[in-house]
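Listed below are the residues making up each chain.
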Amino acid sequence: MVDGRFGSTREPSRVDSTNIRGVDKGTTPAGARLVATTDKKPTGKGWRRRAPLALFAFVCTGALVAALTGAGKPLPGGGFAAGGHWIYNSVLQEVFHVDGGTANVDAHAPIPGDPGSQVVQGDTSGYVVGDSRITQFGRSSLSVERTITPPADEVPLGIQAAGGPYLVYRNAGKIVRLGDQPVTVSAGGAVGDPVVTADGTLWLHRPGVGLICKLPKHAGRISSCPVAVPKDHDAALTMVGDRPKFVDLTARTVHAVDDSALGAGVPLGVPVPPAARPAANDVGGRVAILDPVGYQLILADPQNPAAKPVTVTLPPGEYGGPVSTGSAVALVDLKTNTLLTYGSDGKRKDAKPIPQQQSGPPRLSRGEDNRVYVENGTGTHVLVVGKEGKVQDTAVTGKPATTPGPEPSRTPDASPSPPAVPEPAPVPASAPGAPASVRASAGDGLVTVTWGAAADNRSPITAYQVSWRASTGATGSTTVSGRSRQVRIGGLTNGIQYVVTVRATNRKGTGPGVSAAPVTPVAATAPVPSPAPTAGCLRAVLVEHGQWETGYGIEYIVTNRCSTTVASWKLELDLPDGTTVKKSWNSTYTRNGQHYTFRNVDYSGDIQPGESEDMGINIDGFGRPSNCRINGSPC
């Protein structure tokens, strides 16, 4: 469905043609160089009439250079990968283009925008995306082309891909496809972070209804929602190679997403909390997951059978990311303001401090060139993460870098030199930016909400406003201090869906809200009591993991209480008639009538003294397990 709220108005250019020279590496093949100079503003019908001829000449030239140099590898569908990254410098109120290969600034121009804006790029245009407006500018002309009204009051997720770029307003369920004819597509409800395949298909998870939907390249509406997933599970999408995967954080499994069905679950191999965050792309074939509660980075194998996961212990703190280049994963330690990169083997690749200017948290994004770009809060500095994890840093100021060449011939000119451009005045303080990484997890009559710091925009944050809306229409709110990063909301009704929104406040006002995915509180199920410890080395404790329409989930924590290592384990239990095991993780199982036997997999057998392994079960039906035994002894 196309949203009629999406509109645009033309805005005159603010580029001074006498002193702006831009090199747009993103639209030229490697080795070629395009310098944009202009004496007149390229707008109106004349520009449109000249565009096809100019484009034809440029494409022919690009094709010749690519043929001679081997550069310009096309994307599927005939497009070219956009090179480098555009940044909005809120202090100078200019856009800057950074060449990803050299980490040099090679173009810049004054473009109007809101403080803290992000920039996304398409084939011929860039877009400064702020709270109140989206400013489109030409990547070659470096002039404003139009101003677009955002369809929702929230910070969107920018995605640069074939057929895009896209802006995804997750809480509003709106996807804006930018281009010559911008279109807003409705997803029908809130969505999680989407992923995109090389052919330009956008895959979206709708957690409130338990569906995965497809938006094909250039489509004006969602084509289908062919894959059903558990609607009450914490989950996210990721890409492995060029295939979407569904990471079920509740079941601790990862599934292939086919055109019509969800593949069999592969165990992640380690416990993960509901607030865990998978990267949108794999790292050397592994799924990168940030555990912000246990302070660890998990690199899980999605293949079946799965290799043992790699776990990286992180210092306690708050983290941004993860974002993957395909061969390395980037995180930001927000406590020390340090960029960290790791390979698929979990080994540290690099670490660099991120220069700050009294602003909010850094922004991490992945470019179409598969590099990761990390901007500081004001856009005055960027760190470029290469595909193998090495980091280069660049100050986003001053003139573009130029390639040495012959001195141009000069002719006498009696005209006076142009006056020096004065330094821009400091940007005044304004209302805060949006909180980062807002998450909600449901309990019995309550919801726990966590978030990251919002950009203070040069005025300290004094409070966070946390509000909620039930599916019945009931609302509520609470206010916590500016130092808070978590709040527990009690007195909620089990079985009712809630959407929680967090906004930051400073002396200049209240910033935009960011909403967590919808959650539904459920009544706690009384745990099945475990027998008292026996003389056996192993003890298995049952933990409930909630229930859904057709069944429920449980987990057994198997602990070694002896002084020697246990090399393997076997857990047995009985289920009543009408209740069956649907799947298990961290184990294999066999069935004899209603008697089930679970055995460890390769990576979960060895249990050191005092340590534990976990195994989980999803059950169809609501009968409770009984007669549990671990290695022959009562659990």
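Note that the structure is predicted; figures quoted are calculated from it, not measured.

Chemist: I tried to follow the state of the cysteines on my own but got confused; where do I start?
Modeler: By definition, a disulfide links two cysteine residues through a covalent bond between their sulfur atoms. Taken as a whole and judged by the stated rule, the model has three disulfides. Across a sulfur-sulfur distance of 2.0 Å, C213 and C225 are joined as a disulfide pair. Every disulfide takes its handedness from the sign of the S-S torsion; for C213 and C225 that torsion is 100 degrees, giving right-handed. With C213 in strand β17 (residues 211–215) and C225 in strand β18 (residues 224–228), the pair connects residues that are 12 residues apart, well separated along the chain. In this structure C213 comes out as buried when scored by relative accessible area, which is 2%. According to the relative accessible area criterion, C225 is partly exposed, its value standing at 30%. Across the disulfide from C537 sits C562; the S-S distance is 2.0 Å. Looking down the S-S bond of the C537 and C562 bridge, the torsion is -100 degrees, so its handedness is left-handed. Residue C537 is found in the loop between β42 (514–515) and β43 (538–547), and its partner C562 is found in the loop between β44 (551–560) and β45 (570–574); the two are separated by 25 residues along the sequence. Residue classification places C537 among the partly exposed positions, given a relative accessible area of 26%.

Chemist: I'm lost on the sheet that holds strand β30 (residues 348–353) in this one. Help?
Modeler: Paired through their backbone hydrogen bonds, the strands of a sheet run either parallel or antiparallel. Taken in spatial order, the four strands of this open sheet run β27-β28-β29-β30, and their pairing is antiparallel. One side of each edge strand has no neighbouring strand; the edge strands of this open sheet are β27 (319–324) and β30. Neighbouring strand axes in the sheet, compared pairwise and without regard to direction, differ in orientation by 15 degrees on average. Sheet topology note: the strand β28 (residues 328–333)/strand β29 (residues 338–343) ladder contains six bridges and is antiparallel. Looking at the pairing, V329 lines up with Y342 of β29.

Chemist: I would appreciate a short explanation of the side chain of T338 in the present structure.
Modeler: Take T338: it is sitting in strand β29. Given a relative accessible area of 17%, T338 falls into the buried group. Side-chain polar atoms of T338 contact the side chain of T336, separated by 3.0 Å. Excluding residues within four positions of it along the chain, T338 makes contact with L331, V332, D333, A351, K352, P353 and I354.

Chemist: Where do I start with the packing of aromatic side chains in this structure?
Modeler: What characterises a pair of aromatic rings is the spacing of the ring centres plus the angle enclosed by the ring planes. Summed over the entire model, instances satisfying the criterion amount to five aromatic pairs. A ring pair is formed by Y589 and F598, whose centres lie 5.6 Å apart and whose planes are at 40 degrees; its orientation type is tilted. Judged by its relative accessible area of 32%, Y589 falls in the partly exposed class. Summarising the aromatic geometry, the rings of Y596 and F598 are spaced 6.4 Å apart at their centres and angled 20 degrees between planes, so their arrangement reads as stacked. Neither residue differs from the other here; Y596 and F598 are each classed as buried. Site record: aromatic cluster; members linked through ring pairs are Y589, Y596 and F598. Looking at R624, its charged tip hangs above the ring of Y552, at a distance of 4.1 Å from the centre.

Chemist: Looking at this model, I keep getting lost on the confidence of the model for the protein chain. Mind explaining?
Modeler: Interpretation of this model should avoid reading the predicted coordinates in detail wherever pLDDT is low. Across the protein chain, pLDDT averages 78, with 79% of residues at or above 70. Contacts from residues 1–81, a stretch scored under 50 in pLDDT, to residues over four places away or in other chains number 115 contacts. Segment residues 400–415: pLDDT under 50, and 11 contacts once partners within four positions in sequence are set aside and those in other chains are kept.

Chemist: I keep staring at the nonpolar core and nothing clicks. Help me out?
Modeler: Nonpolar side chains in soluble globular proteins generally cluster together in the buried interior. Core analysis: the biggest nonpolar cluster contains 25 residues, and V449, W451, Y464 and I489 have the highest contact counts within it. Elements that contribute at least two residues to this core include exactly β35 (436–442), β36 (447–452), β37 (461–470), β39 (486–489) and β40 (498–506). For this core, the element with the highest residue contribution is β37, accounting for five residues. Residues W569, Y596, I617 and C628 belong to the second largest nonpolar core, which totals 22 residues.

Chemist: Can you walk me through unusual backbone geometry in this structure?
Modeler: In this structure, P165 follows G164 across a cis peptide bond, with omega equal to 10 degrees. Inspection of the secondary structure assignment puts P165 in the loop between β11 (157–159) and β12 (166–169). In this chain, G321 is followed by P322 through a cis amide linkage whose omega measures 5 degrees. Residue placement: P322 occurs in strand β27. Its identity as a non-glycine residue notwithstanding, H218 has a phi of 70 degrees, on the positive side. Examined against the element boundaries, H218 turns out to sit in the loop between β17 and β18. With phi around 55 degrees, Y295 is a residue other than glycine that occupies positive phi space.

Chemist: Please clarify how the environment of L446 should be interpreted in this entry.
Modeler: Mapped onto the elements, L446 comes out in the loop between β35 and β36. For L446, the residues in contact, after removing those within four places along its chain, are S441, R488, I489, G490, L492 and P521.

Chemist: Explain the pattern of salt bridges to me, please; I cannot follow it from the model alone.
Modeler: Where charged atoms of side chains with opposite charge meet at close range, the side chains can pair. Tallied over the full model, the rule gives eight salt bridges. Here D259 ties to K214 by a salt bridge, and the two come within 3.7 Å at their closest N and O atoms. Remark: K214 occurs in strand β17 and D259 occurs in the loop between β21 (253–256) and β22 (266–267); sequence separation between them is 45 residues. Judged by its relative accessible area of 18%, K214 falls in the buried class. A salt bridge links R243 to D258, with the nearest nitrogen and oxygen atoms 2.7 Å apart. Separated by 15 residues along the polypeptide, R243 in strand β20 (residues 243–248) and D258 in the loop between β21 and β22 bring together distant segments of the chain. Of the residues examined, R243 reaches a relative accessible area of 42% and is grouped as partly exposed.

Chemist: When you look at the environment of R243 in this model, what are you seeing that I'm missing?
Modeler: For the pair R243 and N281, spaced 38 residues apart in sequence, the C-alpha separation works out to 9.8 Å. For R243, the contacting residues outside a window of four places in its chain are T238, A256, V257 and D258. Engagement of the side chain of R243 in a polar contact is seen with the side chain of D258, the distance being 2.7 Å.

Chemist: I'm lost on the pairing of strand β50 (residues 626–630) in this one. Help?
Modeler: Each regular strand shows side chains that alternate between the opposite faces of the sheet. Strand direction decides the pairing type here: β45 and β50, joined by three bridges, are antiparallel. Looking across to β50, one finds that E572 is bridged to R629. Pairing between β50 and strand β51 (residues 633–634): two bridges, direction antiparallel. Its bridge partner being in β51, I630 is matched across the sheet by S633. Linking two consecutive strands that pair antiparallel, namely β50 and β51, is a turn of two residues; a positive phi of about 50 degrees is found at N631 within it.

Conventions and cut-offs
- Residues numbered from 1 in each chain as written.
- Predicted model: local features only at pLDDT ≥ 70, side-chain atom pairs only at ≥ 80, totals over all residues.
- Heavy atoms only, no water.
- Disulfide = S-S within 2.5 Å.
- Helix = DSSP H or I, 4+ residues; strand = E, 2+ residues; numbered from the N terminus.
- Buried < 20%, exposed > 50% of the residue type's maximum accessible area, 1.4 Å probe, protein only.
- Pairing = 2+ DSSP bridges.
- Axes fitted to C-alpha atoms, helices over the stretch in contact; angles between N-to-C directions.
- Polar contact = N/O pair within 3.5 Å; in protein donor to acceptor, adjacent residues only side chain to side chain.
- Contact = heavy atoms within 4.5 Å.
- Phe/Tyr/Trp six-rings, centres within 6.5 Å; stacked < 30°, edge-to-face > 60°.
- Lys NZ or Arg CZ within 6 Å of the ring centre and 35° of its normal.
- pLDDT = per-residue confidence, 0-100.
- Core = buried A, V, L, I, M, F, W, Y, C linked by side-chain atoms within 4.5 Å.
- Salt bridge = Lys/Arg side-chain N within 4 Å of Asp/Glu carboxyl O.

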